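Secondary and tertiary structure notes
Each chain, letter by letter, is given below.
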Amino acid sequence: MFTQRVFNRHFLIALCACHWLAIRAFPTFSQEPRVAVDPPTKTLAEESWKAAEASFLSKVRQLTFEGARAGEGYFSGDGRQMVFQSERESGNPFYQIYLMDRESGDTIRVSPGHGKTSCAWIHPNGQNILFASTQFDPQALDKQKAELEFRASGQKKRYSWDYDETYDLVVFDRPNNSYKQLTHEQGYDAEGSYSPDGSLIAFSSNRRAYTNELSDHERELFKIDPASALDLYVMNSDGSNVRRITDVVGYDGGPFFSPDGNRICWRRFAENGAQAEIYSANLDGSDVQCLTKLGVMSWAPFYHPSGDYLIFTSNLLGFDNFELYAVDAQGTKSPVRITHTKGFDGLPVFTPDGKSLSWTSNRTQNEKSQIFIAQWNDAAVRQALGLVEASQTNILSVNNLNRIEILPNAQENAKSNLRVANQDFSAGDIGRHVDYLCRPELGGRLTGTPGEKNATAYVAAFMEDLGLVPAGENKSFFQNFPFTASIELGAGNTLTWNDQTYKANEQWRPIVFSKTGVIEAKEVVFGGYGLVAAKDEKHPEYDSYVHLDVEGKWVLVFRNLPMDVTPERRQHLSRAASLRYKAMVARDRGAVGLIVVSGPTSQVRQQLVPLHTDGALAGSSIAALSVTDELAKAWLASEGEDMAEIQKALDSGEMMMGVPLTKVKLSANIDVQQIKREGQNVLGRLVTGDQPKPTALIIGAHIDHLGQGSNGNSLAREDERDGIHRGADDNASGVAGMLEIAQYLAQQKKAGLAWKHDVLFAAWSGEELGLIGSSYYAEKFEPKEMYPSIIACLNLDMIGRLREKMVVQGIGSSTVWPSEIERRNAVVGLDLTLQNDSYLPTDASTFFMKGVPILSAFTGQHSEYHTPRDVPELLNYEGAAETSKLFGLIARSLATTEAPPPFVPQKAPENQGTRANMAAYLGTIPDYTQGDLKGVKLAGVTPGAPAAEAGVKAKDVIIELAGKKIDNVYDYTYAIEALRVGQETEIVVRRDQDELRLKITPKSRQ
């Protein structure tokens, strides 16, 4: 019986806190009636748990991120510090104690770094840290070494909390950097806390077991379970006058004082080890009150600062589901459930003002325990407990800003904004910057336009007034770079057949990469889809040029690829379906030109290929043009061929012989002109010493946007095409955030901060055209090896639409990021999603590919992205200010730390990269804040798009498309590539706890 009990007891999953690690995990049974606690209904548990939790907790966020796990965080009396335990040092397999400054985010280890530690508490003076430790055990280092060797061997053992008899209570004196051992008796002395005035310490100990004070019955229990002899003790804070206050067989542990210091609450396990209940008593052990009678494991109680109620942990809903509950201080009310998240939520603690609750939870992305914090709704809890009537609270959410008057030019606006800027990160400051950058006169800040020049002049003027040093060309703030701004048709475009000349942009159009000049009249041959795809282990070869002579001729081909083949075959052929690839294949076979026709089965929106840049500036040595279906149909008819029948036959996947069009000879004059312009980066350096330092941190954001959407990246609706794309979120918000960080760090320099590196602030242009501006800077950078001259790059791209979570990308590029984010976000308090991927469609990638660690901030995709609807009125300015503050604090830390963050290379994610031919369109907007959730969560769907018509909704998680399992956005892109336009298929989404199978019909993207 004893053996079975102990075996079950240690079956619990390891967590990062001694109180939970010490609880009993036995089959539950009760010998007492339970207090009525209504468990949530299935509907609530499966569909509305977030709403239920949100009635008590708001703005839930992860507070610690570093290490294997962390937990048991307790606040100082003024709330400015938190002490907690964590496994985060590779050389120590045991928990150590850490102190976090909640104003700066700085975290230090206060335990010695060797031995086992647990259960810390901060003295009211803020200088002394109480914790339990085995550091004075002569065998501490040997035990540590043995544990490391055991783990290195690959062996595993069932987890159990170690009631090491050498645990003693220790006080760390911060000013003197010294340790004082308070207890010296053999036995487990731990789980200590200070009284509110700091004069007393309450703790748990089984010291009686080592002094022959146990009865025979207790001694037998102790042999099996050292926790069975744990009692509560109280002593003076200097370790004197120790007195035992409980004397019941069974584990009494986790004592905390009431806010007035007159009582103690704790958890008590029954002798049979099956249940634990919440108790309170006077300091001398009198007036013992059992506050719960749930008959399960209820433990880790903590008083609300009012003293009116307590919060505690219980597995009332099942062995594997620990939740937080509240109960009144007298235990006369039914406990109220607080959290509604499956897994572990425990070890709760209030901030001293009672406005926030912190607790340990494994609701993390990797399901490892960390500390969370949330705003606490005291009124709602009181109402639920029946303590008082809930007060009527009106919460006003204001997102309006006093908009500035637009001054005549960029310099005056920049100086005006600096004059009224706040000293801290401010929503108003963000709003003023965004207001200027989005004014209609800037025309959408298209690279190389007067609007871009005005925007960059504004940023340069603001940098100059901050005291930044010009870091561009010719001792200026600007760095100019050449680029191809657009492609235009010249006046001389002609296409002639049988003395008939066809009109460009009506019956035909050159393709953007076409060779220019005169093409003498040449024969035309029809080459099917113009595909050449090598065989692989699953698919046979496909070659449209078998036995087809194209030397010195035009090749007429269909635009995309056969669509009646299997999805797998479409994916195989898609590699060869891009127009550039088809042109290369035709060129290598001697053709003088490629002619592309969409065909009647393609279901494209525009028969002629749009004359948009495709991200590659290089041209081709072969002519390339597209023609209407009507024109190509006439050419094929001249040989007695029916184009519709031919395309239908080819769509089946069968290859066919090419068709020489003997009666068709085409001549052409192709006049495609690349419009060259200059873009302009803005570069300002915060020189942190008397002279520029050899190393610098880059903080950047792209300043350009789409203008009126003419470059092909616009997602505007038909009724809003040619409207100014103001780009408030993308990326006026990021530039505004970068300027806020520049202002903050410039103030830190004036305050005399000790710096190790300079900071380079950059407003990149040309990002929307393919990271042109940042790439130009990287090319020109000397020395060519960027790192460690550039120690890291912090990037802000679309930080203006914070809703539930902010995404921090690039975590995998350096080992320091989790700890840096943990420390600084402890100050800011954002709910974060951390993503390892460093292959990002933003300027940060330029630096990652050069071996520089990166972090990029992003608040999520939305339906206004790349449309004229991305306007300042929709931004969350408070969220943008908080995001800027987080990155500003990280920047401050990096710039004042000698060693640069170590760079960690990454393998590109599977299936990542530009696909050859994304022909299908569904109209879904992925939610990039989803973290490591399996599937693709949607932030929204485009009204009227196939997804919306199919019934797909925002917050759905796509888990399957056309029979393909979807684990991530790369799988999703790959699956879309396999879809046939116009052919109904199935999409499977998870909505709450339901799995829905919906029918969806893709439309053409082209």
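All of the points below concern the structure found in this document. (Residues numbered from 1 in each chain as written. Predicted model: local features only at pLDDT ≥ 70, side-chain atom pairs only at ≥ 80, totals over all residues. Heavy atoms only, no water.)

To continue, consider the sheet that holds strand β6 (residues 117–122). On the basis of which strands lie adjacent, the open sheet formed by four strands has the order β6-β7-β8-β9 and antiparallel pairing. Looking at strand neighbours, the two that pair on one side only are β6 and β9 (178–181), the edges of this open sheet. On average, adjacent strands in this sheet sit at an angle of 25° to one another, irrespective of strand direction. Both β6 and strand β7 (residues 128–133) contribute to a ladder of four bridges, which runs antiparallel. Pairing of Ser118 across the sheet is with Ala132, part of β7. (Pairing = 2+ DSSP bridges. Helix = DSSP H or I, 4+ residues; strand = E, 2+ residues; numbered from the N terminus. Axes fitted to C-alpha atoms, helices over the stretch in contact; angles between N-to-C directions.)

Right, let's get into helix α13 (residues 629–637). Among the residues of α13, Asp629, Leu631, Ala632, Trp635 and Leu636 are the ones counted as buried. Burial along α13 is one-sided: seen end-on, the buried residues are contained in an arc of 165°. Within α13, the exposed residues directed more than 90 degrees away from the buried face are Glu630 and Lys633. (Buried < 20%, exposed > 50% of the residue type's maximum accessible area, 1.4 Å probe, protein only. Arc of directions from axis to C-beta.)

So, on to the pattern of salt bridges. Counted by the stated rule, this structure contains 47 salt bridges. Of the charged contacts, one joins Lys116 and Asp164 as a salt bridge, the two residues approaching to 2.8 Å between their closest N and O atoms. Taken together, the residues Lys116 in the loop between β5 (107–109) and β6 and Asp164 in the loop between α5 (140–152) and β8 (168–173) connect sequence positions 48 residues apart. Asp164 shares its class with Lys116; the two are buried. For Lys1003, the salt bridge is made with Glu949, and the minimal N-O distance between the two is 3.6 Å. (Salt bridge = Lys/Arg side-chain N within 4 Å of Asp/Glu carboxyl O.)

In this section: the nonpolar core. Formed by 80 residues in total, the largest nonpolar core has its most connected members in Leu57, Ile129, Ile338 and Trp376. Per-element accounting of this core gives the leading share, five residues, to strand β24 (residues 370–376). Non-local contacts of Leu57, meaning those with residues more than four positions away in its chain, are made with Ile338, Thr339, Leu357, Trp359, Ala374, Gln375 and Trp376. Core analysis: the next-biggest nonpolar cluster, separate from the first, contains 72 residues, Ile430, Ala461, Leu466 and Val759 among them. (Core = buried A, V, L, I, M, F, W, Y, C linked by side-chain atoms within 4.5 Å. Contact = heavy atoms within 4.5 Å.)

On the secondary structure map, His123 appears in the loop between β6 and β7. Under the relative-accessibility criterion, His123 is labelled buried at 13%. Here Gly198 takes part through its backbone oxygen, which lies 3.2 Å from a polar atom of the side chain of His123. Excluding residues that lie within four positions of it along the chain, His123 makes contacts with Asn128, Tyr194 and Gly198. (Polar contact = N/O pair within 3.5 Å; in protein donor to acceptor, adjacent residues only side chain to side chain.)

What follows is about helix α10 (residues 450–466). It helps to recall that an α-helix has 3.6 residues per turn; residues three or four apart then point in one direction. Helix length check: α10, at 17 residues, gives a terminal C-alpha distance of 24 Å against a target of 24 Å (1.5 Å per residue), a fit within 8%. Most of α10 sits out of view: 12 of its 17 residues are buried. Just downstream of α10 lies Gly467, where phi reads positive at about 95°. (Expected span 1.5 Å × (residues − 1).)

Here the bond from Asp730 into Asn731 is cis, since omega is 0°, no more than 30 degrees from zero. The topology assignment puts Asn731 in helix α15 (residues 728–750). Following Tyr787, the chain continues into Pro788 via a peptide bond in cis, with omega recorded as 10°. Looking at the element boundaries, Pro788 is found in the loop between α16 (772–780) and β40 (790–796). Positive phi, close to 60°, is recorded for Glu367, a residue that is not glycine. Relative to the helices and strands, Glu367 resides in the loop between β23 (356–361) and β24. Non-glycine residue Asn474 carries a positive phi angle of around 55°. We classify Asn474 as exposed; its relative accessible area is 79%.

The subject of this paragraph is the packing of aromatic side chains. Counting across every chain of the model gives 37 aromatic pairs. Ring centres of Tyr210 and Phe222 lie 5.6 Å apart, and the angle between their planes is 85°; on these two criteria the pair is classed as edge-to-face. Taken together, the residues Tyr210 in the loop between β11 (200–205) and α6 (216–224) and Phe222 in helix α6 connect sequence positions 12 residues apart. Phe222 sits in the buried class, given a relative accessible area of 15%. Taken together, a centroid distance of 6.2 Å and an interplanar angle of 50° make the contact between Tyr777 and Phe847 tilted. One end of the pair, Tyr777, is in helix α16; the other, Phe847, is in helix α18 (residues 844–848), with 70 residues separating them in the sequence. This pair shows no difference in class: Tyr777 is buried, exactly as Phe847 is. Every member of this aromatic cluster is reached through a ring pair, and the members are Tyr163, Tyr167, Tyr188, Tyr251 and Phe269. Directly above the ring of Tyr98 sits Arg88, whose terminal nitrogen or CZ lies 5.0 Å from the centroid. In this structure, Lys116 packs its charged tip against the face of Phe94, placed 5.5 Å from the ring centre. (Phe/Tyr/Trp six-rings, centres within 6.5 Å; stacked < 30°, edge-to-face > 60°. Lys NZ or Arg CZ within 6 Å of the ring centre and 35° of its normal.)

A word on the sheet that holds strand β28 (residues 500–502). Each strand in a sheet pairs with another by means of backbone hydrogen bonds, the pair being arranged parallel or else antiparallel. Sheet architecture is open: eight strands sit in the order β28-β27-β36-β30-β33-β34-β35-β29, paired in mixed fashion. Unpaired on one side and paired on the other, β28 and β29 (508–510) mark the two borders of the sheet. Across the sheet, the axes of successive neighbouring strands diverge by a mean angle of 30°, strand direction being ignored. The pairing of strand β30 (residues 517–526) with strand β33 (residues 554–558) spans three bridges and is classified as parallel.

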